[in-house]
Amino acid sequence: MELISPSEANLRRAGACIASGGLVALPTETVYGLGANAFDARAVARIFEAKARPSFDPLIVHIAALGDVERVALPPGPTARILMERLWPGPLTLILPRRPDLPDLVTSGLPTVALRLPLHPVARAIISYSGTAVAAPSANPFGYLSPTRAEHVARMLGEKVDLIVDGGPCPIGVESTVLDVTVDPPVVLRPGGMEIEAIEALIGRVAVGGVGSAPPVPKSPGQLNSHYAPRTPLFLVSAGKLAERADAVRSEAAERGRLAALLFDDASRGRLGAAASNFAEIRILSPRGDSLEAAANLFSHLHELDELGVDAIWAERAPERGLGRAINDRLYKASTK
Ligand code: TXA
Ligand code: MG
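Worth saying up front: this structure is predicted, and the values here are computed from it rather than measured.

Spatially, E1-E8-E2-E3-E7-E4-E6-E5-E9-E10-E11 is the arrangement adopted by the eleven strands of the open sheet, whose pairing is mixed. Bordering the open sheet on either side are strand E1 (2-4) and strand E11 (207-208), each of which pairs with just one other strand. Bridge count between E1 and strand E8 (residues 163-165): three bridges; the pairing is parallel. Residue pairing for E8: Leu3 is matched across the bridge by Ile164. Sitting on the sheet, helix H2 (residues 41-51) is in contact with strand E3 (32-37) and strand E7 (134-135), with an inclination near 145° to E3. Lying on the sheet, helix H6 (residues 121-130) is in contact with strand E2 (24-27), strand E4 (60-62), E7 and E8; it crosses E2 at an angle near 140°.

This is how it looks when you write it as structure tokens:
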């Protein structure tokens, strides 16, 4: 593994590495992805091996320009076209009917493909220089926390990738919103970095699979209830309610040892009052209560608490609006059930 800066020469090198069958970890505006040539089944197989990911879990294909959609998918209908034109590049993945020449491994044999045009200039440059479409799941071992910094990737997958391009911390910090536009109305399969409000403003109501309401056989493994999880047990409480659970927390501390609290904002910290002394570590997602900032900090706080080796994490839900939905989805999936 080599960790490289996003200089022009290195971006070309990363693109060439993908074109010749390599695995490149690259920053996107959401999380770091583990990229390979989507049309090279052997390279794609290396992604599954590196992540220890079940091969029934399909990958997102990334392109660098709108003109490349039809290399991967069938010509999009009017709803998909509006979303592409207005919300791409950005943290929105669309499920579309696929082209038959895409390797089955990419889509797990589904008749559809997940497609995204990312905003991050480093991702865009690498995809362009690769000359192909890039299949890239989040660059973490299957089921573990997603990486929002190059060092998260180096620590989790370092030996398994050819190059890691360090583009600094990912500005959005949670994965893209996955929207299935092959059905009417479209269905959100995973809440993420693109606010549902922004989608609905363009195409009207969409259906949302609520947190914890995943069907027994998930259509999209992003709907699995245990996912994005730290090793440390994580307990989830309602927004602003950690203070009320002080008794439970105190006995938990006595039994388990060092506890961490993951709070949404300074107001939650204030409500905690004297109960704060039960926690060896306290992290605040956004002191001023901004859900964009909170999302950007979510995975890096969880990685850090996991590395510190605390015995349990108590986390409060975010207010359920804007990116708060994606934050709550990830916290729920990370929680001990
Ligand atoms: O922000 C992101 O989306 C990041 C960056 C790297 O782009 N990628 C990412 O990929 O989160 P991954 O593989 O970790 O998540 C892809 C999600 C999974 O929940 C997968 O099941 C779903 O998309 N998916 C992929 N293809 C699908 C398909 N054809 N139908 C339904 N769901 C699909
Ligand atoms: Mg993932």
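Turning to empty space enclosed by the protein, a few remarks are in order. Using the criterion set out here, one finds one cavity of 30 Å³ or more in the structure. There is about 30 Å³ of room inside the largest cavity. Every residue along the wall of the largest cavity is listed here: Pro191, Gly192, Met194, Glu195, Ile196, Gly322, Arg325 and Ala326. Split into classes, the residues belonging to the lining of the largest cavity amount to four nonpolar, two polar and two charged. Both domain 1 (2-208) and domain 2 (234-334) contribute no fewer than three residues apiece to the lining of the largest cavity.

Cis geometry is found at the peptide bond from Trp88 to Pro89, where omega equals -5°. A cis amide bond, omega 0°, links Asp184 with the succeeding residue Pro185. Inspection of the secondary structure puts Pro185 in the loop between strand E9 (177-180) and strand E10 (187-190). Of note, Ala52 is a non-glycine position whose phi angle comes to about 50°, a positive value. For Ala52, the location among the structural elements is in the loop between H2 and E4. Even without a glycine there, the phi angle at Ser108 is positive, about 55°. Position of Ser108 among the secondary structure elements: in the loop between helix H5 (104-107) and strand E6 (112-116). Judged by relative accessible area, which is 24%, Ser108 ranks as partly exposed.

Parameters at a glance
Throughout, residues of each chain are indexed from 1 in the direction in which the sequence is written. Whichever chain is written first becomes A and whichever ligand is written first becomes 1, with later ones labelled in order. Local features in this predicted model are restricted to residues of pLDDT 70 or higher, and side-chain atom pairs are both shown and tallied only at a pLDDT of 80 or more, whereas totals for entire chains, interfaces and linings draw on every residue. Water and hydrogen atoms play no part in the side-chain values, which are based on all heavy atoms of the structure. If DSSP finds at least two bridges between two strands, the strands pair. The way it works is that DSSP assigns letters per residue, a run of H or I at least four long becomes a helix, a run of E at least two long becomes a strand, and they are numbered from the N terminus. Working rule for contacts: check all heavy atoms of both residues, and any pair within 4.5 Å makes them a contact. Working convention: axes come from line fits to C-alpha atoms, limited for helices to the stretch in contact. Angles between N-to-C directions cover 0 to 180 degrees. Put plainly, a pocket is an open set of points on a 1 Å grid over the protein atoms alone with protein on both sides within 12 Å along at least five of seven lines, a cavity is a set where a 1.4 Å probe fits but cannot get out, and a lining residue has an atom within 4 Å of a point. Grid points are joined across faces, edges and corners, and a volume is the space filled by probe spheres set on the points. All residues other than Ala, Val, Leu, Ile, Met, Phe, Trp, Tyr, Cys, Pro, Asp, Glu, Lys and Arg, Gly among them, are scored as polar; the first ten of these are nonpolar and the last four charged. Domain delimitation in this document rests on an assignment produced automatically or drawn from a domain database. Burial classes: relative accessible area under 20% of the type maximum marks a residue as buried, over 50% as exposed, and values in between as partly exposed (1.4 Å probe, protein chains only).

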